[in-house]
Amino acid sequence: MKNELYSELRKQMVNDQIISRGIKTKKIIDAFINVPRHKFISNSYQYMAYDDHPLPIDNNQTISQPYMVALMTDQLDIQKTDKVLEIGTGSGYQTAILAYLANHVYTVELHEMLSIKAKQILDELEYKNIHYHIGNGYHGLNAYAPFDKIIVTAAPKQFPKELMSQLKESGKMIIPIGDSYLQQLFLVEKENTHFKKSFITYCRFVEMVNKD
Ligand code: SAH
């Protein structure tokens, strides 16, 4: 019964928060219908899993608002054959959406505890195409570079050069940039070794911590 209720709430979330705000890509909509967001949220907040806002997870971090996850994913134009790098595994929800769309997902998280917990949930949901790494995302994952797409779900103050250098030619990266109060979401496209940056919207993410 509980799962049926959540599945109903999920359909409403997709209609009211995602489609109605202009996201029309069929495979993105399918991903959001399929991935059980409530499984990534602790019991005490689970009843709000499909509401139109971010929610707290462990280590003072947050799971992003559903629409923000959809908007960022849509901007990346993910293809099945893409190799995707995610910085900030957090709850693992965005990771699941990426793994639904692309064959190879690499995800990096600073906090070991969050990475382990996200892996547990994603293993239970039987995702087999996710590679988990614990570390400082400013360095990306050089051993697996270059990536077709990169998504950053914590905000640095400036564009992170080392990470951008791991983008494939014609690759796309979506990233919030700014201080802890207000940030700007940018789409970065690598064209002839040049980075074209387009402003998408204002947003608010947790800080991308720079510590080795
Ligand atoms: N995509 C996640 C968002 C989590 S919030 C979700 O939907 O649940 C951002 C995450 O980035 C946090 O888990 C935080 O610990 C992580 N983070 C912050 N700075 C980081 C860094 N330098 N490298 C890797 N992860 C980082």
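Note that the structure is a prediction, hence the values are computed from the model and not measured. In this numbering scheme, every chain counts its residues from 1 along its sequence in written order. For a predicted model such as this one, the threshold for reporting local features is a pLDDT of at least 70, and the threshold for listing and counting side-chain atom pairs is 80 or more; totals across whole chains, interfaces and linings nevertheless cover every residue. Side-chain descriptors were evaluated using all non-hydrogen atoms of the structure, hydrogens and water having been removed beforehand.

### Considering the side chain of N129
Reasoning step 1: In DSSP terms, a helix is any run of H or I states spanning at least four residues, a strand is any run of E spanning at least two, and both are numbered starting from the N terminus. Note on placement: N129 falls in the loop between α5 (112-124) and β5 (130-134).
Reasoning step 2: In this structure N129 comes out as buried when scored by relative accessible area, which is 18%.
Reasoning step 3: For N129, the side chain forms a polar contact with the main-chain oxygen of A102, separated by 2.9 Å.
Reasoning step 4: There is a polar contact of 3.4 Å between the side chain of N129 and the backbone oxygen of N103.
Reasoning step 5: Every residue pair with non-hydrogen atoms within 4.5 Å of one another is taken to be in contact. Apart from the residues lying within four places of it in its own chain, the contact partners of N129 are A99, A102, N103, H104 and V105. Each residue is assigned to one of three classes by its accessible area relative to the maximum for its type, calculated with a 1.4 Å probe on protein chains only: buried under 20%, partly exposed between the two thresholds, exposed over 50%. Residues adjacent in sequence count toward polar contacts only when both atoms are side-chain atoms; beyond that, a polar contact is any pair of N or O atoms within 3.5 Å, and within protein one must be able to donate a hydrogen and the other to accept it.

### Structural notes on the pairing of strand β7 (residues 167-178)
Reasoning step 1: Where burial is concerned, most of β7 is hidden: nine out of the 12 residues are buried.
Reasoning step 2: Any two strands are treated as partners once DSSP identifies two or more bridges connecting them. Note: β7 against strand β8 (residues 183-191), seven bridges, orientation antiparallel. Residue pairing in the sheet places I174 in a bridge with L187 of β8.
Reasoning step 3: What sits between β7 and β8 in their antiparallel hairpin is a turn of four residues.

### Structural notes on the nonpolar core
Reasoning step 1: Of all hydrophobic cores here, the largest spans 48 residues; its most connected members are F32, F40, Y93 and I97.
Reasoning step 2: Contributing elements (two or more residues each) for this core: α1 (2-19), α2 (26-34), α3 (66-76), α4 (93-101), α5, β5 and β8.
Reasoning step 3: Take this core: its biggest share by element is seven residues, from α3.
Reasoning step 4: Other than its neighbours up to four places away in sequence, F40 contacts V35, I57, I63, S91, G92, Y93, A96, I121, L122 and L125.
Reasoning step 5: Only buried residues count toward a nonpolar core, which is a set of Ala, Val, Leu, Ile, Met, Phe, Trp, Tyr and Cys residues joined through side-chain atoms within 4.5 Å. L141, V152, I175 and F186 belong to the second-largest nonpolar core, a separate cluster that totals 19 residues.

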